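Summary of the model geometry
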Amino acid sequence: MRNHRLALLAASFLLAALPATAQSGAELRFVLRSEPKTFDPMLVDDEASETIRYLTGGVLIRVNRKTQALEPELGVSWKVSEGGKKISFRVREGLSFSDGTPFTAEDVAFTMQKLMDPELHSPTGDSFRSSQGQVRVTAPDPRNVVIEFPSAVAGLERLFDQVAIVSSHSPKKEAAVLGPFAIAEYKPGSYVLLRRNSYYWKKDAQGRKLPYLDSIRLDVQQNRDLELLRFKRGEIQLINSLDASYFESLAKEAPAAVRDIGPSLDSEQIWFNQVPSSPIPNYKKKWFRSTSFRLAISEAINRGDLCRVVFSGHARPAVGPVSPANLFWFNKSLEPNPYDPQSALRRLQQDGFRFDGHVLNDPDGHSVEFSVVTNAGNKYREQMAAMIQQDLEQIGVRLNIVTLDFPSLIERISRTFDYELCLLGLVNVDLDPSAQMSVWLSSSSNHQWNPEQKTPATSWEAEIDRLMQAQASTNDQKQRKSYFDQVQKIVWDQQPFIYLVNKNALVAISPALANTSPVVLRPQTFWNIESLYLSNQGRGGDQ
Amino acid sequence: MWTWTGVLFRRIGTLLLTALLGGILGATLVRFAPGFGVDERELDTRLHEDSIQALRRSHSEERNVLQFYASYLAGAARGHLGVSHSFGRPVTQLFAERLPVTLRTVALGLAGGWMLGLLLALPVVRLRGWSFDFFASSTSGVFLCLPTAVVAILFLYFRGPVALAICVVVFPRVFRYARNILVQTYALPHVLTASAKGLSTLRILLWHIFPVAAPQILALSGVTVSIALGAAIPIEVICDSPGIGQLAWQAALSRDLPVLVNMTLFVTLVTLTANSAADLATKAFETRPV
């Protein structure tokens, strides 16, 4: 009897633990760093709109941001067949959109048909587009839907993480959602208010309806200083992708609020212009096309110092196109290029370059001097460029730094090709290498160092093309991994992109917010939004 | 001899012509600015080649400035001000959302700036003591030296209202100018005589100072409108105020031609209207029988 009472007491304590500490009517606040461009989940192409889509959209499959594994959401089960050309879903029963409209397989079919319209030019839809041709979507009954693509789509299931299902019948159109929150109010330029979706289907272990939070207020605020100030004052509870300097400043005042989660998926890199028609002198084109030259430059850069000085230790020397944070796809056999100016000089001397102790000259007597362009206003890139300038000075290379605003920079690197070296970053939102297809295919406009090639300019680019096509045409993950490992190795050997650092994922979380478990994948702090709650005691904690 | 109707029509004609020329000048500058017609979405690795080409084509009709401007004016006549590239929304909608914010802050800032400027200028001429003059002149001098961006940063840090930041930018200019005019007017013989006869300060101000100083002070009012509007851009950007100043900045950064052309026309029209109104009021004062 006593044991029974104790068990009952323990059970009631466990049941009561969460609501006892959770604030009633609690509102989570954080900042959107730009105005959301759209609330239509199919047209999302900016971070602010992506945040709204994540918080409001219901998806068939969700990538668990912590384990990086796939989890069923609206799709109870799924089956990929015909080598990745076909996927069949069985959807959850008895669910409704935020306006009460019932959810059926017909909504999935409607969403996919709309998303795959080539005229929509949706980045989400384009991710599924591996070749020309019609996508066939059929919903034989309210619980099953079959989607057939004209050719195999690599990593097909994973792409559904971005597809928020919209209602085919609701008069509210895309405003009717299946996610934990729905848009309640929007004041352009000021804020977006999300309220709990009362029709949301998920429940916690105790059978309580999720999410715990009543609302989320997203203030549109571009100024990062103000964001930090507001966090310090307790006006907002979260900051994603914190800058290293802000992290350090906050760490001094509130060490419990900041977390360094380790290397993120994002990388910073430089690349030389190898476009044959670019308006730069031919002798420079010759340098930039030389693998030894690129390797020498790579070896002359002290990545460790970049991490220590520019990012205050909150970055790791980068290896290649995949960050170590990408658990499955990272090629573990590769190491960052070592800092070795002597080896760099030896390589250059083997190629006929001469170093007189101050200046490096090429075999034709031209002193080695070039400019790096980067985007103005990005203090980390400006600092990195300054440090690279010092590093290259040691091997007699003179580097000039040019900062341009973003449109001017894009014009130079994608239209006029009037640049020599470019320093930029790559933001990876998808773990799958197919998301980088347009970067690696030599025919693509995003093949930055030499885009839109009719035929691959080098044998190694031809080999990358072959391997990328091969990995995209099979659904055997092991085989795909083997192909992409080879791509990473070629990139490491040839250095078309000289990878510098992987910035760490830095976040700030108010101690009042409970159940937090920040991860490197976006959205870092609120990926488990349904389980977050604000504690009455002012102290939350981690899962 | 001039008639009010003639002057009014001439003014409106000049105003419209200047605004139209300003619009085309603005469009031309944006069109030939580096980075025009490029979209950062082109770097999105998820986009299919067809979508990237579609993005590039979306700017093609803006490449011919005259053609763009003609079609813009035709649209504007029907109430369509174009669609913003960077926001993906109609410019009319963006202006409708943001204009009230800026108009309110600029109006409050102007009112505050004028009040503060005049409140400091009047005692200077009335008290005629060096200490207050020194205090007022040095205070306004300090604020005059502060760049608008610095004022905005201070207000950002102390979370001061945006209207007050505009007030801080406007008042030193008002004070300097108003002080000099009032000092000169107070030294006029008829004012000295009125003062010697023991007339009240208010009566001297209303009957002897104001009619003389008003034309010049009214001329200043037109100028302060453009000062306040110009200050609103950095202040709104730094203080994150969702007005048209912030919109203009974002549009400039993304070479958003439809927004920038409308913005140029709007700023030109407001500035010219304010200056014309000030000129007309000045004229009215000058021709008024005394």
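Here's what I pulled together on the structure shown here. (Residues numbered from 1 in each chain as written. Chains lettered and ligands numbered in written order. Predicted model: local features only at pLDDT ≥ 70, side-chain atom pairs only at ≥ 80, totals over all residues. Heavy atoms only, no water.)

The next subject is the overall build of chain A. The number of helices and strands found in chain A is 16 helices and 22 strands. A compact globule built from 543 residues should have a C-alpha radius of gyration of about 24 Å, and chain A, at 26 Å, falls within 12% of that. Dimensions of chain A, computed from the C-alpha atoms along their principal axes, are close to 90 × 55 × 50 Å. Relative to its full complement of 543 residues, chain A shows a buried share of 57%. When the accessible area of chain A is evaluated, it comes to approximately 21900 Å², of which 51% is carbon and sulfur surface. Averaging the locations of the 61 positively and 62 negatively charged side chains of chain A gives two centres separated by 5 Å. (Helix = DSSP H or I, 4+ residues; strand = E, 2+ residues; numbered from the N terminus. Rg over C-alpha atoms; globule rule 2.2 N^0.38 Å. Buried < 20%, exposed > 50% of the residue type's maximum accessible area, 1.4 Å probe, protein only. Areas by Shrake-Rupley, 256 points an atom, 1.4 Å probe, with all protein chains shown as cover. Lys, Arg positive; Asp, Glu negative; His and termini not counted. Charge placed at Lys NZ, Arg CZ, Asp CG, Glu CD.)

This brings us to the nonpolar core. Residues L242(A), F293(A), I297(A), F370(A), L392(A) and L500(A) are the most contacted members of the largest nonpolar core, which totals 51 residues. In terms of residue count, the dominant contributor to this core is helix α12 (residues 379-393) of chain A (6 residues). Membership of the second largest hydrophobic core comes to 43 residues, among which are W114(B), F155(B), A178(B) and A232(B). (Core = buried A, V, L, I, M, F, W, Y, C linked by side-chain atoms within 4.5 Å.)

Right, let's talk about the sheet that holds strand β5 (residues 86-91) of chain A for a bit. Two orientations exist for strands paired in a sheet by backbone hydrogen bonds: parallel and antiparallel. Residue and element names in this part refer to chain A. Read from one edge of the open sheet, 4 strands run β4-β5-β7-β6, paired in antiparallel fashion. Each end of this open sheet is capped by a strand with a single partner; those strands are β4 (75-81) and β6 (136-141). When strand polarity is set aside, the average angle formed by the axes of neighbouring strands in this sheet is 15°. Pairing of β6 with strand β7 (residues 144-148), which is carried by 4 bridges, proceeds in the antiparallel orientation. (Pairing = 2+ DSSP bridges. Axes fitted to C-alpha atoms, helices over the stretch in contact; angles between N-to-C directions.)

Moving on, we come to a nonpolar patch on the surface. All names here are of chain B. A surface patch of nonpolar side chains, amounting to about 320 Å² of accessible area, comprises L8, I12, L16 and L269. Sorting elements by how many residues they give to the nonpolar patch places helix α1 (residues 4-31) first, with 3 residues. For L16, the location among the structural elements is in helix α1. Residue classification places L16 among the partly exposed positions, given a relative accessible area of 46%. (Patch = residues over 30% accessible without salt bridge, like charges linked within 9 Å, V, L, I, M, F, W, Y side chains within 5 Å. Salt bridge = Lys/Arg side-chain N within 4 Å of Asp/Glu carboxyl O.)

Turning our attention to the pairing of strand β17 (residues 398-404) of chain A. Residues and elements named next belong to chain A. By the bridge criterion, 7 bridges tie strand β16 (residues 369-375) to β17 in an arrangement that is parallel. Within β17, the residue paired with T374 across the bridge is T403. Tracing the backbone out of β16, into α12 and back to the parallel element β17 gives a crossover that is right-handed. (Right-handed = clockwise from strand over helix to strand, strands pointing away.)

According to the stated counting rule, one finds 34 aromatic pairs over all chains in the structure shown. Summarising the aromatic geometry, the rings of F272(A) and F370(A) are spaced 5.2 Å apart at their centres and angled 85° between planes, so their arrangement reads as edge-to-face. Residue F272(A) is found in strand β12 (residues 258-272), and its partner F370(A) is found in strand β16; the two are separated by 98 residues along the sequence. Overall, F370(A) belongs to the buried group, its relative accessible area being 0%. Their ring planes at 50° and their centres at 6.2 Å tell us that F288(A) and F293(A) sit as a pair that is tilted. Looking at F288(A), the relative accessible area reads 0%, which means it is buried. F293(A) sits in the buried class, given a relative accessible area of 1%. Within the aromatic cluster, the residues linked to one another by ring pairs are F272(A), Y283(A), W287(A), F288(A), F293(A), F353(A) and F370(A). Between R217(A) and the ring centre of Y191(A), over which it is positioned, the NZ or CZ distance is 4.0 Å. When the ring centre of F32(B) is taken as origin, the NZ or CZ atom of R31(B), which lies over that ring, is 4.8 Å away. (Phe/Tyr/Trp six-rings, centres within 6.5 Å; stacked < 30°, edge-to-face > 60°. Lys NZ or Arg CZ within 6 Å of the ring centre and 35° of its normal.)

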